[in-house]
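# Geometric and topological summary
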Amino acid sequence: MIELAPSILSADFARLGAEAQAAVEGGATVLHVDVMDGHFVPNITIGPPVVASLRKVSKVPLDCHLMIERPDEFIPAFAEAGADWISVHQEACIHLDRILHLIAAHGCKPGVVINPATPVHALDEVLPLVHHVLVMSVNPGFGGQTFIHSSLKKIELLSSIRESRRLGFRIEVDGGIHHETVADVVRAGAEILVSGSAIFEHGVPSENARQLLKSALDAAKQPVQGLSSALAGGAAGDGGNSLSLP
Ligand code: DX5
Ligand code: ZN
């Protein structure tokens, strides 16, 4: 099942409730909340009070992507605020197994995230524990960056590992997802599509969401053709592992 998870990072924070509702009207079934601490990533965003406010105006799952150091210290506060899914970066967690159990113990769905430079195999031991794996297709910290093409191979690999090990985690992708990249990530095996600037930066969020979701669903119906050319860097985006600087 393909789901759209708009990232509120690119929304107008003065109108956050209305922006979130518009995205849901357009077909979004998850809201993605980017939490940054200025240490793990070079940017600062929001914390549990904003999650609590969103919780009051939206019924869809709140997918909290923690781009922070020592995430274990903040999991109780996000759970209390109403987070449904909480994901932590593999790179930020020395005791990743323990933190994933901690998220579940607080009643949330645990997710694990990998940066573009982190291989899928770094997750081998924790895949049975997670509800979702989030593949970063930009270096985290900012919206509006260029999609990193090599993430397609990682999505494909995760999909085949899931099948061969008979696991149930879902595959999410985050960064640079818009009309030109969405078909490739869906064909590679991504099911939860995070998109920020393509939903909120220009035009009408509900319509942007509707169109992006339609492109994703259309791609899911097509046979997997041309993926190998996409994986080779020929079908979308900038065609290579470009440095995605803000
Ligand atoms: C980046 C965030 C993303 C970002 C996506 O650190 O995790 O969720 O907001 O934004 P776009 O879709 O604009 O790349
Ligand atoms: Zn994110």
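Reading guide: rules and limits
- Each residue is numbered by its place in its chain's sequence as written, counting from 1.
- Each chain gets a letter, beginning with A, and each ligand a number, beginning with 1, in the order they are written.
- Side-chain atom pairs in this predicted model are given and counted only at pLDDT of 80 or more, local residue features only at pLDDT of at least 70, and totals for whole chains, interfaces and linings cover all residues.
- Side-chain descriptors were evaluated using all non-hydrogen atoms of the structure, hydrogens and water having been removed beforehand.
- Excluding water, the donors of a metal are its N, O and S neighbours within 2.8 Å, or within 3.2 Å for Na, K and Ca, and that exclusion means sites may look incomplete.
- Angle rules define the geometry names used: all angles between 85 and 135 degrees makes four donors tetrahedral, while opposite donors over 155 degrees apart and all other angles between 65 and 115 make four donors square planar and six octahedral, leaving every other case irregular.
- In this text, helices come from DSSP runs of H or I with a minimum length of four residues, and strands from runs of E with a minimum of two, each type numbered from the N-terminal end.
- Under the scheme applied here, a residue whose accessible area is under 20% of the maximum for its type counts as buried, over 50% as exposed, and between as partly exposed, the area being computed with a 1.4 Å probe on protein chains only.
- Strands were regarded as paired on the criterion that DSSP finds at least two bridges between them.
- What counts as an axis is a line fitted to C-alpha atoms, over the stretch in contact for a helix, and the angles between N-to-C directions run from 0 to 180 degrees.
- We call a crossover right-handed when, viewed with the strands running away from us, the connection from the first strand over the helix to the second turns clockwise.
- For each residue, the test is whether any non-hydrogen atom lies within 4 Å of the molecule or strand; if one does, the residue is near.
- Two N or O atoms form a polar contact when they lie within 3.5 Å of each other; inside protein one atom must be a possible hydrogen donor and the other a possible acceptor, and for residues adjacent in sequence the pair counts only when both atoms belong to side chains.
- With residues, only the protein chains shown are counted as cover, and all accessible areas are computed by Shrake-Rupley using a 1.4 Å probe.
- The labels follow the angle: roughly parallel below 35 degrees, roughly antiparallel above 145, roughly perpendicular from 65 to 115, and oblique for the rest.
- Handedness of a helix crossing follows the sense of rotation of the near helix relative to the far helix, less than a right angle counterclockwise being left-handed and clockwise being right-handed.
- Any pair of residues with heavy atoms lying within 4.5 Å of one another is described as a contacting pair.
- Nonpolar core, defined: a set of buried Ala, Val, Leu, Ile, Met, Phe, Trp, Tyr and Cys residues in which side-chain atoms within 4.5 Å join the residues together.
- Salt bridges are identified by distance alone: a Lys or Arg side-chain nitrogen within 4 Å of an Asp or Glu carboxyl oxygen.

## Description of the coordination of the zinc ion (ligand 2)
Protein-derived ligands of the zinc ion (ligand 2) are His32 (NE2), Asp34 (OD), His65 (ND1) and Asp174 (OD), with the metal-ligand distances lying across 2.0 to 2.3 Å. Here the zinc ion (ligand 2) is ringed by six donor atoms whose angles at the metal span 67 to 168 degrees, and the overall shape comes out octahedral. Taken in sequence order, the residues that donate to the zinc ion (ligand 2) follow the motif H-x1-D-x30-H-x108-D. One end of the pair, Asp34, is in strand 2 (residues 31-36); the other, Asp174, is in strand 7 (residues 170-174), and 140 residues separate them in sequence. Asp174 matches Asp34 in its accessibility class, with the two residues each being buried.

## Some points on the sheet that holds strand 6 (residues 132-136)
Pairing is parallel in the open sheet, where eight strands are placed in the order 1-8-7-6-5-4-3-2. Every other strand in the sheet has two partners, leaving strand 1 (3-6) and strand 2 as the edge strands with one partner each. Along the sheet, successive strands turn relative to each other by an average axial angle of 25 degrees, direction set aside. With four bridges joining them, strand 5 (residues 109-114) and strand 6 adopt parallel strand pairing.

## Observations regarding the pairing of strand 7
Across the five residues of strand 7, five count as buried, placing the element largely inside the fold. Side-chain alternation along strand 7 places Arg170, Glu172 and Asp174 on one buried face and Ile171 and Val173 on a second face that is also buried. As paired elements, strand 6 and strand 7 share five bridges and run parallel to each other. Following the sheet pairing, Met136 is matched in strand 7 by Asp174. Considered for its hand, the β-α-β crossover made up of strand 6, helix 5 (residues 151-165) and strand 7 is right-handed. Where strand 7 meets strand 8 (residues 192-195), three bridges bridge the pair, whose relative direction is parallel. Each bridged residue has a counterpart across the sheet, and for Val173 the counterpart in strand 8 is Leu193.

## Points about the site of ligand 1
For ligand 1, the set of nearby residues contains 20 residues, the closest of which are Asp34, Gly141, Asp174, Gly196 and Ser197. Take Gly141: an N or O atom from its main chain is 2.7 Å from an oxygen atom of ligand 1. Taking Gly176, its main chain carries an N or O atom lying 2.8 Å from an oxygen atom of ligand 1. Relative to its unbound accessible area of 380 Å², ligand 1 is 100% covered by the protein chains. Where the shell around ligand 1 is concerned, the elements lending two or more residues are strand 2, strand 3 (62-67) and strand 8. The element that contributes the greatest number of residues to the shell around ligand 1 is strand 2, accounting for three residues.

## Notes on the packing of helix 1 (residues 16-25) against helix 2 (residues 48-57)
A pair of packed helices is characterised by two quantities: the angle between their axes and the separation of those axes. It is at 10 Å that the axes of helix 1 and helix 2 come closest, and there the two elements cross at 55 degrees. Regarding the angle of helix 1 to helix 2, the classification is oblique. Where helix 1 crosses over helix 2, the handedness of that crossing is right-handed. Where helix 1 abuts helix 2, its residues Leu16, Gly17, Ala20 and Gln21 lie against Val50, Leu54 and Val57.

## Brief notes about the nonpolar core
Grouped together as the largest cluster of nonpolar side chains are 63 residues, with contacts concentrated most on Leu66, Val185 and Leu193. When residues in this core are grouped by element, the largest group, five residues, is from helix 8 (residues 205-221). Contact partners of Leu66, with chain neighbours within four places excluded, come to Val35, Pro71, Ile75, Phe78, Ile86, Ser87, Val88 and His89.

## Points about the pattern of salt bridges
Going through the model one piece at a time under the given rule, you end up with nine salt bridges. Measuring nitrogen to oxygen at the nearest pair gives 2.5 Å for the salt bridge that ties Asp84 to Arg55. Taken together, the residues span a long stretch of sequence, with Asp84 in the loop between helix 3 (75-81) and strand 4 (85-89) and Arg55 in helix 2 at a distance of 29 residues. Among the residues examined, Arg55 registers a relative accessible area of 24% and is labelled partly exposed. Glu207 is paired through a salt bridge with Arg210; the nearest N and O atoms lie 2.7 Å apart. With a gap of three residues between them, Glu207 and Arg210 both fall in helix 8, about one helical turn apart. For Arg210, a relative accessible area of 39% translates into the label partly exposed. Taken together, the shared-partner salt bridges in this structure form one network comprising Lys214, Asp218 and Lys221.

Geometry only, nothing functional implied.
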